[in-house]
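Okay, here's what each chain looks like letter by letter:
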Amino acid sequence: MRSTDHLTVSELAARSGFAPSALRFYEREGLIQASRTSGNQRRYERGVLRRLAFIRAARNVGLSLEEVAAALAALPDSRTPTKADWTRLSRAWRARLDAQIAALEKLRDGLDSCIGCGCLSLKRCAMSNPADVARTDGPGARYLPAPLR
Ligand code: FES
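Residues numbered from 1 in each chain as written. Predicted model: local features only at pLDDT ≥ 70, side-chain atom pairs only at ≥ 80, totals over all residues. Heavy atoms only, no water.

K.L.:
Sorry, what's going on with the domain arrangement of the protein here?
P.N.:
Note on interface size: it is often stated as the accessible area lost on association of the parts. Assigned domains within the protein: domain 1 (6-92) and domain 2 (108-148). Computed over C-alpha atoms only, the centres of domain 1 and domain 2 are separated by 38 Å. (Domains from an automatic or database assignment.)

Written out as structure tokens, the structure reads:
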């Protein structure tokens, strides 16, 4: 009987919510690892589910794949990361997440005013962004925090 500590691609996909193609992509990118059976089939340690949950959460709050990869690279890949490993990671990420939270709050609180995107569609734009002066700073919504532009 096969150990439940190791999951097949379809079991990992079903439990994590990621498509098998996404799992293979993350494996190619070195974000997750798989062992192989004698029949050359992938088997994933159950601990990979936490890495995948971390990838999804980080991506959902707008962190880049490079940032996620750099963070996961700090975790040991020869064993399942412990609580201490994850604590170290979260401490390293605190400032980045605080900045993302601040940016999201600014977005939440600023959506009803001019964001400097060039649309000039709000009354407020005439005062905040006359003749789209914001464009001189570069593309995108110049009044939104950098992570959200
Ligand atoms: S909201 Fe788009 S330019 Fe003001």
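K.L.:
So what exactly am I meant to see when it comes to the packing of helix α4 (residues 65-73) against helix α5 (residues 83-110) here?
P.N.:
Packed helix pairs are specified by the crossing angle of their axes together with the interaxial distance, meaning the distance between the axes. Put simply, α4 and α5 touch, their axes get as near as 10 Å, and they point 145° apart. For the crossing formed where α4 meets α5, the hand is right-handed. Residues E67, V68, A71 and L72 of α4 touch α5, and the partners they reach there are W86, L89, W93 and R96. (Axes fitted to C-alpha atoms, helices over the stretch in contact; angles between N-to-C directions. Helix = DSSP H or I, 4+ residues; strand = E, 2+ residues; numbered from the N terminus. Left-handed = near helix turned anticlockwise from the far one by under 90°. Contact = heavy atoms within 4.5 Å.)

K.L.:
It is not clear to me how α5 should be interpreted in this structure. Could you clarify?
P.N.:
Owing to its 3.6 residues per turn, the α-helix brings residues three or four apart onto one side. Helix length check: α5, at 28 residues, gives a terminal C-alpha distance of 37 Å against a target of 40 Å (1.5 Å per residue), a fit within 8%. Its maximal kink placed at R94, α5 deviates by approximately 50°. Turning to α5, its buried residues are D85, W86, L89, W93, Q100, A103 and G110. (Expected span 1.5 Å × (residues − 1). Bend = angle between axes of the 7 residues up to and from the residue. Buried < 20%, exposed > 50% of the residue type's maximum accessible area, 1.4 Å probe, protein only.)

K.L.:
Explain the confidence of the model for the protein here, please?
P.N.:
Confidence along the protein averages 86 in pLDDT terms, with 97% of residues attaining 70 or more. Across the protein, the element-wise mean pLDDT spans from 82 in α5 up to 96 in helix α1 (residues 9-16). (pLDDT = per-residue confidence, 0-100.)

K.L.:
Whenever I open this one, the side chain of D85 confuses me. Can you help?
P.N.:
Its location among the elements puts D85 in helix α5. A polar atom in the side chain of D85 sits 2.6 Å from the backbone nitrogen of T82. Separated by 2.6 Å, the side chains of D85 and R88 make a polar contact. In this structure, D85 is in contact with L75, P76 and R79, ignoring residues within four places of it in sequence. (Polar contact = N/O pair within 3.5 Å; in protein donor to acceptor, adjacent residues only side chain to side chain.)

K.L.:
Where do I start with the pairing of strand β3 (residues 42-45) in this structure?
P.N.:
Consecutive residues of a regular strand have side chains that alternate between opposite faces of the sheet. Pairing geometry for strand β1 (residues 6-7) and β3, over 2 bridges, is antiparallel. Its bridge partner lying in β3, H6 is registered against E45. Note: strand β2 (residues 35-36) against β3, 2 bridges, orientation antiparallel. Among the inter-strand pairings, S35 is bridged to a residue of β3, identified as R43. (Pairing = 2+ DSSP bridges.)

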